[in-house]
Amino acid sequence: MHPVNCDTASRLVGRERDLSGFDLFRFQKPGKKQVLATHLEITESLTVFKDNYNNNLRLKVMNRDWDRVVVIKATDIESLHTLTLWDGEVSLKEGASENPDLTVISDSETLADIFYGDIAPTEPYNNGTLRIMGSEDDIIRLDFISLMIWGE
Amino acid sequence: MQLKRVLTLRTVVATSAGLTLASSSFVAAVQVANYVLGDTAWIAILIGGALCFLAAACFSELNGLLPTAAGIRLYFSRAFNDQVSLTVSILYMAIVIVGVVGAESYVLSRVLGEVFPAVPPYFWIVLLLLLATGMNIRGMKIAGVFQDIITYSLIASMFLISLIAFNKIGFQLNTPFSPGGASGLIQAVAVGVFLFVGFEWVTPLAEEVTQIRQISRGMMIALGILSVAYAVFTVAMTAVVPKEALAASAAPQMVFARQVLGSAGAAWMVAVSLAASVTTFNAGLISVSRFMYASAREHVLPAVFCRVSVRFFTPWVSIVTLFFVGLAVACVTLLTHRYLVLVKLAAAMESIVYALVGLAVISLRRKMPGQARPYLVKGGDVIPVSTAAVFAVLAAAVLAELRVLMVLLTAFLACLVYVNTAVPYLKKKYDARKPAARRRPPRVTEEAGRK
């Protein structure tokens, strides 16, 4: 069970159906206009994440046996990416992959914020904004990686 | 897109049942038998199992609505508020670790003490905790096929030894439908809930199955199998050994097995108890250490708890802390011999959580009426209301024992104070440390671009 900060001040402003038919929730701070990140912004955030990962020798050593395919999907815009971890290195490509190990699904803004390291994944995960499909161990490993790249 | 690795229904059932099967379950089963007359323990156990079906139905609806490994932390946060969710989650985790480690280590040390009387019980407790801690730090998890083998072997063993016992004594049920007074039956059912503690901990697997309904189906099947297995085993124990003799022992399953099959039975039961305890310990430590890690990540616990082992990718500070907490709890239990208080404490806490789960279903139906629910409990609010009411009564029945009530109340107040004082302080401290500027470049709007 891994919990999160549920921001009770935020307001539920919408929901989208994810790949398997589940609802994802979008929350908005009071008084803030709802914005969407673009596909390009998500690509840039993933590139920053990938570069930071690949520049971290320790992470590369730690993950050399953790070969995984991670698909990242935005729910509010057309945006699909695939991060591939192979032999400790991460590569990024646009578009989906068949049979991923993990699928990260959220709204575009949350995805961009997470991969830029402006918010920890735990927060949106526990308030229902972020959904990660895959094994619990892999989900935790992904959070560990984010923690090691961006710190608390 | 299809996930590469998906779990089968067989493994979901094994995981749900495996988390529930523990050495201390046999002690609870004897407690159940003591509250009712004659051979009627099976009635209380089957009622307990049937009531857990109600809770399982509510868990299934919540799990379908909010499929997450965060479990009650998210359900209660959405249904009530963050403060309630946090208080209950911390209290639940604390009681689980205290209850499971305390009662389980005590019972297992007694089991092993019967086989190796020269070895002091402290030795077994330290060894068991070290084993579970080592496994956790190395990230070893009893899962998949291994979990299937252990769980189904345990259940088969329970049935087999019971049948051997029935056959040996030419068993016939005496007054099978007269459990005695209502108060005794309620107490028996309330303690009987402990037998099923943890069946719902399978919900974090929601992200690993192809169909969310597999989790609900798995929980229900596990409850069904466990209800029958516990009922048969308890009736067999009380048929072969007098209840007083079983109640006087901290390892009643050993007394029973020895009576049925002599030293071979004892050896068999040691293997059963070891397998049950190791899986329970391992699963309990994994869940609680991950909870501590995630809580530290959301600044609810000190940041030190999200330190991760560079070698094994596990939250080692949380795991080591749990080792020392477990050791302290186990030593206190061994010195005081109050392991039954822990069993009752866990039963009461579990009942409270199930009652809240019923209320959460009702609340979320009001708050999120149009939300897709892959699993919807039929019959309107009847089942959620019944779940809340029944488990509130069962919790009250267990808490009628003053010692249990005092311990739970003290723990609750401690959690409440922590959530209202320490948590805001930790969040404030984190906010002060947070970098002022965002890493994400500011958005260039079309309007700004034109300027």
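Source: prediction; values computed, not measured.

Asks: So what's going on with the overall build of chain B? Which residues, and what values?
Replies: Of regular secondary structure, chain B possesses 16 helices and zero strands. A principal-axis box enclosing the C-alpha atoms of chain B has dimensions of 95 × 55 × 45 Å. Taken across its 451 residues, chain B has 58% of its residues classed as buried. Nonlocal contacts in chain B, meaning residues at least 24 apart in sequence, comprise 82% of its contacts between residues at least 6 apart. For chain B, the exposed surface amounts to about 17,500 Å²; the carbon and sulfur share of it is 68%. One way to put it: in chain B the 36 positive side-chain charges average out to a point 8 Å from where the 17 negative ones average out.

Asks: A description of the overall build of chain A should follow, citing residues and the corresponding values.
Replies: Per the secondary structure count, chain A includes five helices and seven strands. The order of α-helices and β-strands along chain A, N terminus first, is β-β-α-α-β-β-β-β-α-α-β-α. In chain A, which comprises 152 residues, the proportion classed as buried is 61%. When contacts within chain A are restricted to residue pairs at least 6 apart in sequence, long-range pairs at least 24 apart make up 65% of them. When the accessible surface of chain A is summed, it comes to about 6,100 Å², and 49% of that surface belongs to carbon and sulfur atoms.

Asks: Let's hear about the interface of chain A and chain B: which residues, and what values?
Replies: Contacts between the two partners involve 66 residues from chain A, matched on the other side by 56 residues from chain B. In total, chain A and chain B occlude about 5,200 Å² of area from one another, counting both sides; carbon and sulfur atoms represent 55% of this. Linking chain A with chain B are four salt bridges. A:Glu109 is the partner of B:Arg440 in a salt bridge, and the nearest nitrogen-oxygen pair spans 3.0 Å. If you look at where chain A meets chain B, you find six residue pairs in polar contact (both at pLDDT 80 or more). Counting residues per element, the side of chain A that touches chain B draws most heavily on helix 5 (residues 136–150) of chain A, which supplies twelve residues. By residue class, the composition of the side of chain A that touches chain B is 32 nonpolar, 17 polar and 17 charged.

Asks: Any chance you could break down the packing of helix 6 (residues 121–137) of chain B against helix 11 (residues 252–297) of chain B for me, citing the residues and the numbers?
Replies: Between two packed helices, the angle of one axis relative to the other and the distance separating the axes together describe the packing. Residues and elements named next belong to chain B. Put simply, helix 6 and helix 11 touch, their axes get as near as 9 Å, and they point 50° apart. Taken together, the axes of helix 6 and helix 11 lie oblique to each other. As helix 6 packs across helix 11, the resulting crossing turns out to be right-handed. Each of Leu128, Leu129, Leu131, Ala132, Thr133, Met135 and Asn136 in helix 6 lies in contact with helix 11, whose residues at this interface are Val278, Phe281, Asn282, Leu285, Ile286 and Ser289.

Asks: Could you give an account of the confidence of the model for chain A, with specific residues and numbers?
Replies: In this model, chain A carries a mean pLDDT of 80, and residues with pLDDT of at least 70 account for 77%. The low-confidence segment residues 1–23 of chain A, where pLDDT is below 50, has 99 contacts with residues more than four positions distant or belonging to other chains.

Asks: So what's going on with the pairing of strand 5 (residues 89–94) of chain A? Which residues, and what values?
Replies: Looking down a regular strand, the side chains alternate between one sheet face and the other. All names here are of chain A. In this sheet, strand 5 lies alongside strand 4 (residues 80–86) in antiparallel orientation, the contact comprising six bridges. Residue pairing in the sheet places Trp86 in a bridge with Glu89 of strand 5. Here strand 4 folds back onto strand 5 in antiparallel fashion, the turn holding two residues, of which Asp87 has a positive phi close to 55°.

Asks: Could you give an account of the environment of B:Ala17, with specific residues and numbers?
Replies: Residues and elements named next belong to chain B. Here Ala17 lies in helix 1 (residues 9–20). Along the chain, Ala17 and Pro424 lie 407 residues apart, while their C-alpha atoms are 38 Å from each other. The contacts of Ala17, once residues within four sequence positions are left out, are Thr151, Ile155, Ala222 and Leu226.

Asks: Now, about helix 11 of chain B: what can you tell me, with residues and values included?
Replies: Along an α-helix, residues three or four apart share an orientation, since each turn contains 3.6 residues. Residues and elements named next belong to chain B. Taking 1.5 Å of rise per residue, 46 residues should cover 68 Å, yet helix 11 covers just 42 Å from first to last C-alpha, more than 12% shy of that figure. Of all the bends found along helix 11, the most pronounced is centred on Leu261 and spans about 140°. For helix 11, a buried count of 34 out of 46 residues is recorded, marking the element as mostly surrounded by other parts of the structure. Remark: His299 follows helix 11 within two positions and exhibits a positive phi of approximately 65°.

Asks: Describe the packing of aromatic side chains, listing the residues and the values that go with them.
Replies: Each pair of aromatic rings is reported with the distance of its centres and the angle of its planes. Residue and element names in this part refer to chain B. Inspection of every chain in the model, using the stated rule, returns 15 aromatic pairs over all chains. Measuring from centroid to centroid gives 5.4 Å for Phe116 and Trp124, while their planes differ by 40°, and the two rings are tilted. What makes Phe116 partly exposed here is its relative accessible area of 39%. Between Phe196 and Tyr230, the aromatic rings sit 5.9 Å apart at their centres with planes inclined by 85°, giving edge-to-face as the arrangement.

Asks: I'd like a description of the environment of A:Arg64, backed by residues and values.
Replies: Residue and element names in this part refer to chain A. Mapped onto the secondary structure, Arg64 falls in the loop between helix 2 (57–62) and strand 3 (68–74). Along the primary structure Arg64 and Leu80 are separated by 16 residues, whereas in three dimensions their C-alpha atoms are 25 Å apart. Not counting residues within four places of it along the chain, the set of residues in contact with Arg64 comprises Asp87 and Gly88.

Asks: Please provide a residue-by-residue account of unusual backbone geometry, values included.
Replies: What you tend to see is this: most non-glycine residues have negative phi, and most peptide bonds are trans. Of note, the phi angle at A:Asp87 is positive, near 55°, even though the residue is not glycine. As for its placement among the helices and strands, A:Asp87 is situated in the loop between strand 4 and strand 5. Judged by its relative accessible area of 55%, A:Asp87 is exposed. A positive phi angle is found at B:His299, which is not glycine, with a value near 65°. Owing to a relative accessible area of 11%, B:His299 belongs among the buried residues under this scheme.

Asks: Give a detailed account of the sheet that holds strand 6 (residues 102–106) of chain A, specifying residues and quantitative values.
Replies: All names here are of chain A. Pairing within the open sheet is mixed, and its five strands lie in the order 5-4-3-6-7. If you trace the sheet from one side to the other, it starts and ends with strand 5 and strand 7 (131–133), each paired once. Direction aside, the axes of adjacent strands within the sheet are offset by 20° on average. Pairing geometry for strand 3 and strand 6, over five bridges, is parallel. Bridge pairing links Lys73 to Ile105 in strand 6. Against the sheet, helix 1 (residues 39–54) contacts strand 3, strand 4 and strand 5, and its axis sits at roughly 165° relative to strand 5. Lying on the sheet, helix 3 (residues 108–116) is in contact with strand 3, strand 4 and strand 6; it crosses strand 3 at an angle near 135°.

Asks: Residues and numbers for a nonpolar patch on the surface, please.
Replies: Residues and elements named next belong to chain B. A cluster of nonpolar side chains, Leu409, Phe412 and Leu413, forms an exposed patch at the surface whose accessible area comes to about 260 Å². Looking at where Phe412 falls in the secondary structure, it is placed in helix 15 (residues 402–433). Taking relative accessible area as the criterion, Phe412 reaches 34% and is therefore assigned partly exposed.

Definitions and limits used
- Residues numbered from 1 in each chain as written.
- Chains lettered and ligands numbered in written order.
- Predicted model: local features only at pLDDT ≥ 70, side-chain atom pairs only at ≥ 80, totals over all residues.
- Heavy atoms only, no water.
- Helix = DSSP H or I, 4+ residues; strand = E, 2+ residues; numbered from the N terminus.
- Buried < 20%, exposed > 50% of the residue type's maximum accessible area, 1.4 Å probe, protein only.
- Contact = heavy atoms within 4.5 Å.
- Areas by Shrake-Rupley, 256 points an atom, 1.4 Å probe, with all protein chains shown as cover.
- Lys, Arg positive; Asp, Glu negative; His and termini not counted.
- Charge placed at Lys NZ, Arg CZ, Asp CG, Glu CD.
- Buried area = accessible area lost by both parts, 1.4 Å probe.
- Salt bridge = Lys/Arg side-chain N within 4 Å of Asp/Glu carboxyl O.
- Polar contact = N/O pair within 3.5 Å; in protein donor to acceptor, adjacent residues only side chain to side chain.
- Nonpolar A, V, L, I, M, F, W, Y, C, P; charged D, E, K, R; others polar.
- Axes fitted to C-alpha atoms, helices over the stretch in contact; angles between N-to-C directions.
- Parallel < 35°, antiparallel > 145°, perpendicular 65-115°, else oblique.
- Left-handed = near helix turned anticlockwise from the far one by under 90°.
- pLDDT = per-residue confidence, 0-100.
- Pairing = 2+ DSSP bridges.
- Expected span 1.5 Å × (residues − 1).
- Bend = angle between axes of the 7 residues up to and from the residue.
- Phe/Tyr/Trp six-rings, centres within 6.5 Å; stacked < 30°, edge-to-face > 60°.
- Patch = residues over 30% accessible without salt bridge, like charges linked within 9 Å, V, L, I, M, F, W, Y side chains within 5 Å.

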